[in-house]
Each structure stands twice: as C-alpha cells, then as structure tokens.
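Analysis of the macromolecular model
Below, each chain spelled out in residue letters.
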2 protein chains.
Amino acid sequence: MVRRHQGISVNAKQQQQPSSVGAVRSQYADFDSPFSFASGARLPSWRLAYESYGELNEKKTNAVLICHALSGSQHAAGYYEGGEESAGWWDNFIGPGKPVDTGDFFVLSPNNLGGCHGSSGPASPHPEDGKPYGSRFPVVTVEDWVRAQAALADRLGIQQFAAVVGGSLGGMQALRWAVDYPDRLRAAVAVAAAAKLSALNIAFNDIARQAILRDPHFHGGDYYGRGEFPRGGLGVARMLGHVTYLSGPAMAAKFGRARRAASARFDYETEFEVESYLRYQGAKFSGVFDANTYLLMTRALDYFDPAAECEGDLARAFAKAGGEFFLLSFSSDWRFPPSSSRELARALLAAGKRASYIEVQTEEGHDSFLLANPVYHEAVRAFMSRLAQTL
Amino acid sequence: MVRRHQGISVNAKQQQQPSSVGAVRSQYADFDSPFSFASGARLPSWRLAYESYGELNEKKTNAVLICHALSGSQHAAGYYEGGEESAGWWDNFIGPGKPVDTGDFFVLSPNNLGGCHGSSGPASPHPEDGKPYGSRFPVVTVEDWVRAQAALADRLGIQQFAAVVGGSLGGMQALRWAVDYPDRLRAAVAVAAAAKLSALNIAFNDIARQAILRDPHFHGGDYYGRGEFPRGGLGVARMLGHVTYLSGPAMAAKFGRARRAASARFDYETEFEVESYLRYQGAKFSGVFDANTYLLMTRALDYFDPAAECEGDLARAFAKAGGEFFLLSFSSDWRFPPSSSRELARALLAAGKRASYIEVQTEEGHDSFLLANPVYHEAVRAFMSRLAQTL
C-alpha cells in the first residue's frame, strides 16, 4: 500500500499501531582487556551498560545501533519495571510500529564510556584502589566511543549493523562509524548533526564547563564520597544547554514574558515563567546526572572533526566511508543548523557516497530530534522500512 | 558640501579630523532629598557620577545625554590623565569630528543608579550604618534611571536635551525619556534596542544571574569587606553575555576551531582560541565590575516593557512621547535583532511620531553598536548634524 503523510509517500507494510517496547532492564558487558583511548590513556578493564529491544534474527543482520547524545543513556525506549513514567529518551522513535520498528529490528542502545548510567565512567571504581576514577578518568572522544561500541557488537556476534542511528552528538557517532568501520554498517542515520562544532558551539560548551569547574563543590573532579556535589554549576550548565536547544520563537510562544505573579517582585527569585522552567530543568538534571560526565561529553563534542585528519577536506575524510547516509536537520535548530547537515551531504556526495538529506520545518530548535514531528518520523520510518525489506 | 560615504550622502559643514575629547575626569552630583524607586524602595540620599564633554551653550540647548548599557559607566569618551590607554567605551562615537560632535554638543554621560563607577550603588555606604548597601540596594528599573538623569539635568540647568542617545539598554533609556519627559528632549536615538526582552533574552539573563547567585563567594550579595568576591560566577556571566553579543559568523571568522597548541590536550584547560578569548574577557571584567551591579542591570533589562502599561499596545505607549526618533539596528544582532527595531518603528509611526530607521549590514552582532562601522557612524553623524543646525 502507499501511505501518504505530509507530502511523504511510503511503500510500507500494513502498519501496526505504535506501542511501547514495554518493561526493559539494563544489561552489562564487561571487558577484561584494556581499553586504549585516543589520548593514549588506558583503562585496564571496562564495562558498557546497554539495553536492547526486539529480537536479533538468526543471521544477525537486523541490528540497529542507537548512539546517545550529551545527556543520554542506554535507556532509549520502554520503561523500567515499577516506574512506568520512566520512558526512555527516544521512546517515541523506537518500538513496535515506530520509526525504528522493533518488529523489524534488534535495537542495541549502549551507554557511552565516561557515562554515568552504568558504563565505566568517572564515578566507577578504579581497579587499582577501588576509589572512583574522578579526575583520573580519561578525556574521551567520539572515536573512542565508536571503538567501544564495536567491541560490544563483537561480543554480541553482530558483524554488521543494518543502521547506526543518532541525533546531535549521537549523529556524529553514526558518521564516525561509517568512516572507521565501513564494512560494519549498511546505513548511517545522522539527525541534527554536524561535521564539527562551530566556534559559537565550543564557546557555549566552555561556558557550561566553567560553571562546573568553578563550583567549589567540584573539588577538581574528585567530589565523590564528600557529601558534596557540584549541583549549582551543573544546573547552570544545563540551563545554558537547554536554552540553546530551543529556538527563540518556540520560547516566545511557550513563555513569552509571562510572569508567575501579577506584578514585578523586584528581586532575583523566580518571576518570569521562563526562569521557573529553566531553573526546574537545571535542578532536575543536576540531581540525576554526573558533572564529570557532562564535562567529558562536551569535550568529545568539541574534538569531533573528521575532516581535520584530511587537511580540512571533509569529502576526503568520507572517501573510505561505508554504507549509505540519511541526514536530517530542523529549520529552527541554531546549534546544529541545516547548513551543517548540508555541508555533510555535499561532502558525502562529493565522495561518491549514497546520501539523502531532508530539512524538516519546525519551530522547536535542536530539541526537535527528540520530538515526534510527523514529517521527521515518517521520513525515518520510510528509510528504515526500506532497509528492513532487504535484511 | 555634499560628502558621500558608503551610499549615504550628508550635507555637512566642513568636517574636522576626528579626535579625542582628551583627558577627562568624573564629576559627582549629590542629592540630599530621597530617591523613590518604582519598587517603592527609597534611598535617603544619593549620588550620580558623570562626565561631560564639550561646552554647554548659553541657551543650554545643545546638551546630549548618553545612556550606558549593561556594563557601561560614565566614562564614555576621552581618557583619564596618566592612563591614555583608558579610552571611554564610546570614544569612537563622541568627540570632535565624531558622530556626536563635541564641537556642536555638550555631552553629558552619567553612571546609572546601582552602578559601580561612583554613582550610588550596592558598594556605596548606607547612610544609616556606613556599611555597603550590598543586598539592601533596591532593584532598579529603566524608569528609575531616567528619573535620576532628569534630576541631574535639573541640577545642571538643562531643561531640554537636543538628544538622548544610547545603545542596547541605553537605547531603552532613550525611549523611556521620550515617554516620561516628552518636552525635555528633541530627539531619541536608540541603537540596537528593543521594546522589551524576549523569553530567550530573559533566559540568558537569568542564567548569568544564577552563575553569580550560586557562587559561594556571593554571600547573598553582602560580600564586601570579606576579602572574597564572586569573581568566578561573574566571569561565567560575562562569558555568556559576551558570546551572545557576537554573531556566529563573526566568531567563526575570528576564531574558527583554531587551537592554541598543535594537537589536542585532552583536558579542560584553554585549548581552543575561542576559549582563551572568552575566559580572558570573563576574568578581565570580573576584576573591575561589581557582581551586584550586574544583577541589577540585567533585571532592569528584564523589566523594561513600556507597552505593558497599555495592555501590550506599544503604539499607545508611545502616544504621549515627545521628540523625534532615530532607530538603528544591525543585521547580525540576534539578541536585539532588526525585527525588534522594526517593531519600535512601526509603533512610533502608528502613534503619529516622526521616526527613522536604518538597518546596518554587519557581521559583528550586538557588539556592532560599540564599533566604528562607517554606515552606522555616518548615519548618526548626519542625524546629529541636522539637529546641530537648529540649536
């Protein structure tokens, strides 16, 4: 049948009503051999936490790797038993009848190295002294993450992914996969990604880091076990990040200049609705996320720049890349704007790769990659459906 | 003669070579009667620091009031004796042969109430106990500033300004002057201003404030005399402000992804040039500016919204405004974008006022109002020359 939605036509099988993958739990892969980072640092042993949804087929050809962004985790879909409100961060995107359909695919979603949700990270015990790594945890790069994910794929017997999929920093991982393991994926789906951060983006990252590094509870990164946590600085970092993931028009529509009280308070307490919202977001995040991980993730973003290995020639950097590419961007995203995805698409085409690009009209800014915009979701669904037909 | 420059033609007198107003010094006006704030708070007595350049004519009709922005001071032009490098913040704009020509005008430049350059502010001694006001200093509004400036004009015998001129928050003061003292100015020149802050702008201000308020050296605003100063938080606030005053393309052109070292450092020290630049700006600013003043200035920005007094009808808010209006904006300014100045221009025209608007093409973002863009400067020069002909 041909289904039409918002101008996109899809040859799809009879589509089922989208639903949740249901209750999930994290699994853990422990590696006893050392992990060597791009920096030269090493972990003597390491662990990746991950979740999986759907069934791996017999030929192991239907695996999809989900790469998370700055503040993500392995919990991309479903919910935790007893916590039905704890939906995964991409639950609208992954599941039965959803764009990444677990009726077709085995979806693998790891927490990245340096994370704070079960993979080896700054809060993990150092094998030598059993104390948290803290400031001793190495600065990690996108290349490192991809190499660790490949080791996890080896462990699970997955030789080739049907697709590696991610948004923002996750999209950068999908691109890195195509360059570093050209034979191990059939497609890279990079949503709201970029070939590298701009000076503006590096600046925002550094300001967020400074807010954390200057918090006296940070203790140089070795704050574990002190009963103090740099929540203030991490909250400011998150507030800043959050603002830049939205668009000005979306914020104007959502909050405008609305006040929580009828008249001016003449102080610095929460007065405008937008202040209330942001402080809530900052406080919530700083209660569940690790400041050291936030530092690591932002630095990995800064460093990502595959063209730098080829004197800035992005097409040359993609010359050896494998698989086909599907790029999406959002019109109101000013952190990873459409121009960044167009730059990627042009370079991929110049490198002779098969690449498609869609710019989705939205008002929701960078955050759009997490939202259920129908054009965006239908486009990914169509792309993934085509992949599913040739598993 | 007709002089042509970048497409703007000006009927100007024989123009002299632009030069500095030379060595200047601050003056002080002390007021023994109380000052009542919009909030209802009062100062029993108060002081304004100011500088002046040029000569007040006999009829006292050639005075121009300069209103400073968030981080400004009374030191707008010239230099301090013995510190020839200490040029005023608008020295390219004010002086002999400059857009605001001190050969024509007597230029009056006060430091606003709540400031940290000599006017009554949080660091000033409270008359009751001689200790710094600190957290006791009232939250101040643009209306308060304008009323204090009017008292200074009274003190100097200036009944009517030829023009009230300001950029950014200074432009908001110029607009407020026209509404609150319609007979006391002939023209308002508002550069890169807005009728009100957007939700995005309020959000950036609140994040900056949170960085200061959460600094443990802030001590609730009463940090004076403790040997501690919330420099860390104020530095982060300034870094954030600074980034948003630039444009993405300008930062890309100026810094790109240039590194200070050839290869990655794999830490959080200064690595990218843009980090180095921003941290330097933050450190420099936090060494000379008062954190309490930064809080006051940003809150005054948040509160400015003359249309709110007329159910959001900006044209009605301007109905009683006096003088003519000259508005300028900069194409790459995303904090006070051209759309904000166009909104002002439309409302002024709808209110039957005489208003001109120029959008200047620049890559320099909001900071453009402080830079010597020739189109911008020629436009202001032309406007001010016309005013000078009818003094």
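Residues numbered from 1 in each chain as written. Chains lettered and ligands numbered in written order. Predicted model: local features only at pLDDT ≥ 70, side-chain atom pairs only at ≥ 80, totals over all residues. Heavy atoms only, no water.

Moving on, we come to the sheet that holds strand E14 (residues 187–191) of chain A. Residue and element names in this part refer to chain A. Here 8 strands make up an open sheet; going across it, the order is E4-E7-E12-E8-E13-E14-E15-E16 and the pairing mixed. With one partner strand each, in any of the chains shown, strand E4 (27–31) and strand E16 (355–360) form the two edges of the open sheet. Pairwise comparison of adjacent strand axes, ignoring direction, gives a mean angle of 20° for this sheet. Judged from the 5 bridges that link them, E14 and strand E15 (residues 324–330) form a sheet pairing that is parallel. Counted as the bridge partner of Val189 is Phe326 from E15. The sheet strands contacting helix H9 (residues 338–350) are E15 and E16, and the helix crosses E15 at an angle near 160°. (Pairing = 2+ DSSP bridges. Helix = DSSP H or I, 4+ residues; strand = E, 2+ residues; numbered from the N terminus. Axes fitted to C-alpha atoms, helices over the stretch in contact; angles between N-to-C directions. Contact = heavy atoms within 4.5 Å.)

What follows concerns the side chain of Asp144(B). Residues and elements named next belong to chain B. Positionally, Asp144 belongs in helix H1 (residues 142–155). Within the structure, the side chain of Asp144 is placed 2.7 Å from the backbone nitrogen of Ala38, a separation counted as a polar contact. Once you skip the residues sitting within four places of it in the chain, Asp144 turns out to touch Phe35, Ser36, Phe37, Ala38 and Val139. (Polar contact = N/O pair within 3.5 Å; in protein donor to acceptor, adjacent residues only side chain to side chain.)

Once that is clear, we can look at empty space enclosed by the protein. Inspection of every chain in the model, using the stated rule, returns 4 cavities of 30 Å³ or more. The space that makes up the largest cavity amounts to roughly 150 Å³. Sorting the residues of the lining of the largest cavity by element identifies helix H3 (199–213) and helix H4 (231–245) of chain A together with helix H3 (199–213) and helix H4 (231–245) of chain B as the ones contributing at least two each. Of the residues that constitute the lining of the largest cavity, the class distribution is 6 nonpolar, 6 polar and 4 charged. (1 Å grid on protein atoms, 1.4 Å probe; cavity = no way out; pocket = protein on both sides within 12 Å on 5 of 7 lines; lining within 4 Å. Points joined across faces, edges and corners; volume = space filled by probe spheres on them. Nonpolar A, V, L, I, M, F, W, Y, C, P; charged D, E, K, R; others polar.)

So, on to the interface of chain B and chain A. Listed by partner, the interface residues are 54 residues for chain B and 54 residues for chain A. Carbon and sulfur atoms supply 70% of the area buried between chain B and chain A, which totals about 4,300 Å² over both sides. Three residues, Arg257(B), Phe266(B) and Tyr268(B), lead the burial of chain B against chain A; their summed loss comes to 20% of the area buried on that side. Where chain B meets chain A, there are 10 salt bridges. A salt bridge links Glu275(B) to Arg299(A); the nearest nitrogen and oxygen atoms lie 2.7 Å apart. Residue assignment for the side of chain B that touches chain A shows that the elements contributing at least two residues are H3, H4, helix H5 (248–254), helix H6 (273–288) and helix H7 (291–303) of chain B. (Buried area = accessible area lost by both parts, 1.4 Å probe. Salt bridge = Lys/Arg side-chain N within 4 Å of Asp/Glu carboxyl O.)

Okay, the packing of aromatic side chains next. For the structure shown, the criterion picks out 50 aromatic pairs over all chains. Residues Tyr223(A) and Phe229(A) carry aromatic rings whose centres are separated by 5.2 Å and whose planes lie at 85° to one another, so their mutual orientation is edge-to-face. Look at Phe229(A) and you get partly exposed, because its relative accessible area is 26%. Ring geometry for Phe35(B) versus Trp46(B): centroids 5.0 Å apart, planes at 70°, classification edge-to-face. You can see Phe35(B) sitting in strand E5 (residues 35–36) and its partner Trp46(B) sitting in strand E7 (residues 46–53), a full 11 residues away along the chain. Taking the relative accessible area as the measure of exposure, Phe35(B) reaches 4% and is therefore buried. (Phe/Tyr/Trp six-rings, centres within 6.5 Å; stacked < 30°, edge-to-face > 60°. Buried < 20%, exposed > 50% of the residue type's maximum accessible area, 1.4 Å probe, protein only.)

Scanning the model with the defined rule gives 52 salt bridges over all chains in all. With a shortest N-O distance of 3.0 Å, Arg386(A) and Glu324(A) are connected by a salt bridge. Placement of the pair is Arg386(A) in helix H10 (residues 374–388) and Glu324(A) in strand E15, with a sequence separation of 62 residues. Exposure remark for Arg386(A): the relative accessible area of 33% places this residue in the partly exposed category. Judged by its relative accessible area of 9%, Glu324(A) is buried. In this structure, the salt-bridge partner of Asp302(B) is Arg299(B), at a minimum N-O distance of 2.9 Å. Residue Asp302(B) and its partner Arg299(B) are located together in helix H7, separated by 3 residues, close to a single helical turn. For the residue pair Asp302(B) and Arg299(B), the accessibility class agrees, reading buried in each case. Overlapping salt bridges bring together Asp206(A), Arg209(A), Arg299(A), Asp302(A), Arg259(B), Glu271(B), Glu275(B) and Arg279(B) as one network.

Attention shifts here to the pairing of strand E7 (residues 46–53) of chain A. Consecutive residues of a regular strand have side chains that alternate between opposite faces of the sheet. All names here are of chain A. By the criterion of burial, E7 is predominantly enclosed, with 6 of the 8 residues buried. Examined bridge by bridge, E4 and E7 share 5 bridges and lie antiparallel to one another. The residue of E7 that forms the bridge with Phe31 is Trp46. Of the strand pairs in this sheet, E7 and strand E12 (residues 106–110) are connected by 4 bridges, and their pairing is antiparallel. Looking at the pairing, Ser52 lines up with Leu108 of E12.

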